[in-house]
Amino acid sequence: MVHVLIQSNPSKEEWLLTYMSGSTHIDDRKMQWNFIKDLSENVFQPWIVLGDLNIHIQNKGQSASSLSYDNWVRSVIDFDGLMDLGFIGHNYTWTDMLNGRGYKRRRLDMALHNGLWIQYYPDSRVFHLPFRASDHCPILLSTESKCSRPSKAWKFYKCWLRDSSCSNIIQHTWSASINRDRFIDKLNNTRKVLAKWNREDFGHIGEHVSYYKNLFSHLQSLPFSDSNSEQIQIVIQQLSHWEKIEAEYWKQKAGDHWIMEDDNNTAYFHSRANRKRAKNT
């Protein structure tokens, strides 16, 4: 169990995040929830309890012993004044197989909040993200509404070369130029053709990633079947392909050429690119 005080918005009060991974042993879980019960009496700020809490909010498909334990936990949650923040996405966070392909499905990961939380962060949401190489899906807590991204200037990106049509377009456009055209004219003409290709065919990388993530999430929400499992594997391959392109894109913007080729830490590259942009303004 981890407790962190966070100041995510200077205009709002500091809030307490309690990350909890519910034990698989009932005695240990009771110790965890008794600690939460004692802690609640000393929390006077917005509070979120987040993680794999390993409890069932609903009683569906439980054994008698599990039902008795979960009823006790729910009484502790009520005593602490905690409430389920809800979620956006498929209605389970765990299955008995990797990548959300299992027949047994439960919502074990969640966020519980106290009364002050919703006063300070009324737009907060929990998102169930697609399963990736685990029997649990990641969950994302968003405390504020999303902001729109600024438009991007045109630039040639190395990741375009992952699409074979990019090289073909460059070769065809360059060869089609009249011999007397100046070098700079050839470059400008090729740039315009590539810009049109990127806009109409290759498209925006983030849209491809979002499409396959949404498709991935949709497939995981369907009832278990062999054909659905096969489709999930195909989507995983496509999603991995576009995530590599996305990581390469942000890596180039960040200017971190020393990073290993297979490192797909997109969030890190994104952060570096933003800091680089701030220095240039």
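Residues numbered from 1 in each chain as written. Predicted model: local features only at pLDDT ≥ 70, side-chain atom pairs only at ≥ 80, totals over all residues. Heavy atoms only, no water.

When helices and strands are tallied, the protein shows eight helices and nine strands. At a minimum sequence separation of 6, the contacts of the protein that also span at least 24 residues come to 62%. Approximately 16800 Å² of the protein is accessible, and the part contributed by carbon and sulfur atoms is 53%. (Helix = DSSP H or I, 4+ residues; strand = E, 2+ residues; numbered from the N terminus. Contact = heavy atoms within 4.5 Å. Areas by Shrake-Rupley, 256 points an atom, 1.4 Å probe, with all protein chains shown as cover.)

On to the state of the cysteines. With the rule as written, the count across this model stands at zero disulfides. Of the cysteine sulfurs around C159, a residue in no disulfide, the closest is that of C166, at 9.0 Å. (Disulfide = S-S within 2.5 Å.)

Our focus in this paragraph is the pattern of salt bridges. Counting across every chain of the model gives three salt bridges. Note that E144 is salt-bridged to K12, the shortest N-O span being 3.3 Å. Residue E144 is found in the loop between strand 9 (139-142) and helix 4 (164-176), and its partner K12 is found in the loop between strand 1 (2-6) and strand 2 (15-19); the two are separated by 132 residues along the sequence. We note a salt bridge from E248 to R162, for which the minimum N-O separation is 3.4 Å. A residue pair is termed long-range when its members are at least 10 positions apart, and E248 in helix 7 (residues 226-254) and R162 in the loop between strand 9 and helix 4 qualify at 86 residues. Residue E248 is classed as buried on the basis of its relative accessible area of 11%. (Salt bridge = Lys/Arg side-chain N within 4 Å of Asp/Glu carboxyl O. Buried < 20%, exposed > 50% of the residue type's maximum accessible area, 1.4 Å probe, protein only.)

Structurally, V4 can be placed in strand 1. In this structure, the C-alpha to C-alpha distance between V4 and T18, residues 14 residues apart in sequence, is 6.5 Å.

The next subject is the sheet that holds strand 1. The five strands are arranged 1-2-3-7-4 in an open sheet whose pairing can be described as mixed. Looking at the sheet topology across the chains shown, the edges are occupied by strand 1 and strand 4 (83-84). The sheet strands contacting helix 1 (residues 26-40) are strand 1, strand 2, strand 3 (47-52) and strand 7 (109-113), and the helix crosses strand 3 at an angle near 170 degrees. (Pairing = 2+ DSSP bridges. Axes fitted to C-alpha atoms, helices over the stretch in contact; angles between N-to-C directions.)

Note that W33 resides in helix 1. When its relative accessible area of 0% is taken as the criterion, W33 is described as buried. Every residue in contact with W33, bar those within four places of it in the chain, is listed here: M20, L53, I55, Y69, W72, V73, V76, I77 and L112.

Here the focus is unusual backbone geometry. Non-glycine residue N54 carries a positive phi angle of around 60 degrees. If you trace the backbone, N54 turns up in the loop between strand 3 and helix 2 (64-80). Judged by its relative accessible area of 15%, N54 falls in the buried class.

Here we come to a nonpolar patch on the surface. Among the surface-exposed residues, V2, V4 and Y19 lie close enough to one another that they form a single nonpolar patch of about 240 Å² accessible area. For V4, a relative accessible area of 34% corresponds to the partly exposed category. (Patch = residues over 30% accessible without salt bridge, like charges linked within 9 Å, V, L, I, M, F, W, Y side chains within 5 Å.)

A word on the packing of helix 4 against helix 5 (residues 183-202). Running from amino to carboxyl end, helix 4 crosses helix 5 at an angle of 145 degrees, the nearest separation of the two axes being 9 Å. Read as a crossing pair, helix 4 and helix 5 show a hand that is right-handed. Two secondary-structure elements touch here, helix 4 through S165, C166, I169, I170, T173 and W174 and helix 5 through F183, K186, L187, N189, T190, V193, L194 and W197. Across the contact of helix 4 with helix 5, the residue classes break down as nine nonpolar, four polar and one charged. (Left-handed = near helix turned anticlockwise from the far one by under 90°. Nonpolar A, V, L, I, M, F, W, Y, C, P; charged D, E, K, R; others polar.)

Take the confidence of the model for the protein next. Should the pLDDT be low somewhere, the predicted coordinates at that spot are not to be read in detail. Counting all residues, the mean pLDDT for the protein is 81, and 82% of those residues have values of 70 or more. Mean pLDDT per element in the protein: helix 8 (residues 266-280) is the minimum at 53, and strand 2 is the maximum at 96. Of the regions scoring below 50 in pLDDT, residues 258-262 engages in eight contacts with residues more than four places distant in sequence or in other chains. (pLDDT = per-residue confidence, 0-100.)

Our focus in this paragraph is helix 6 (residues 205-221). Its 17 residues give helix 6 an end-to-end C-alpha distance of 25 Å, which sits within 8% of 24 Å, the value for a rise of 1.5 Å per residue. Listing the buried residues of helix 6 in full gives I205, V209, Y212, F216, S217, L219 and Q220. Each buried residue of helix 6 lies within a common arc of 165 degrees when the element is viewed along its axis, so the set occupies one face. Exposed residues lying more than 90 degrees from the buried face of helix 6 are E207, Y211 and N214. (Expected span 1.5 Å × (residues − 1). Arc of directions from axis to C-beta.)

So, about the packing of aromatic side chains. Counted by the stated rule, this structure contains 10 aromatic pairs. Ring centres of W15 and Y121 lie 6.3 Å apart, and the angle between their planes is 65 degrees; on these two criteria the pair is classed as edge-to-face. Taken together, the positions of W15 in strand 2 and Y121 in the loop between helix 3 (115-120) and strand 8 (125-128) put the pair 106 residues apart, joining distant regions of the chain. Across this residue pair, the class does not change: W15 and Y121 are buried. With a centroid separation of 4.5 Å and an interplanar angle of 55 degrees, the aromatic rings of Y157 and Y249 are classed as tilted. With Y157 in the loop between strand 9 and helix 4 and Y249 in helix 7, the pair connects residues that are 92 residues apart, well separated along the chain. Chaining the aromatic ring pairs together yields one cluster made of F156, Y157, W160, W197, Y249 and W250. In this structure, K30 is placed above the aromatic ring of W72, and the distance from its NZ or CZ to the ring centre is 5.9 Å. Above the face of the F79 ring, K37 is positioned so that its terminal group lies 4.7 Å from the ring centre. (Phe/Tyr/Trp six-rings, centres within 6.5 Å; stacked < 30°, edge-to-face > 60°. Lys NZ or Arg CZ within 6 Å of the ring centre and 35° of its normal.)

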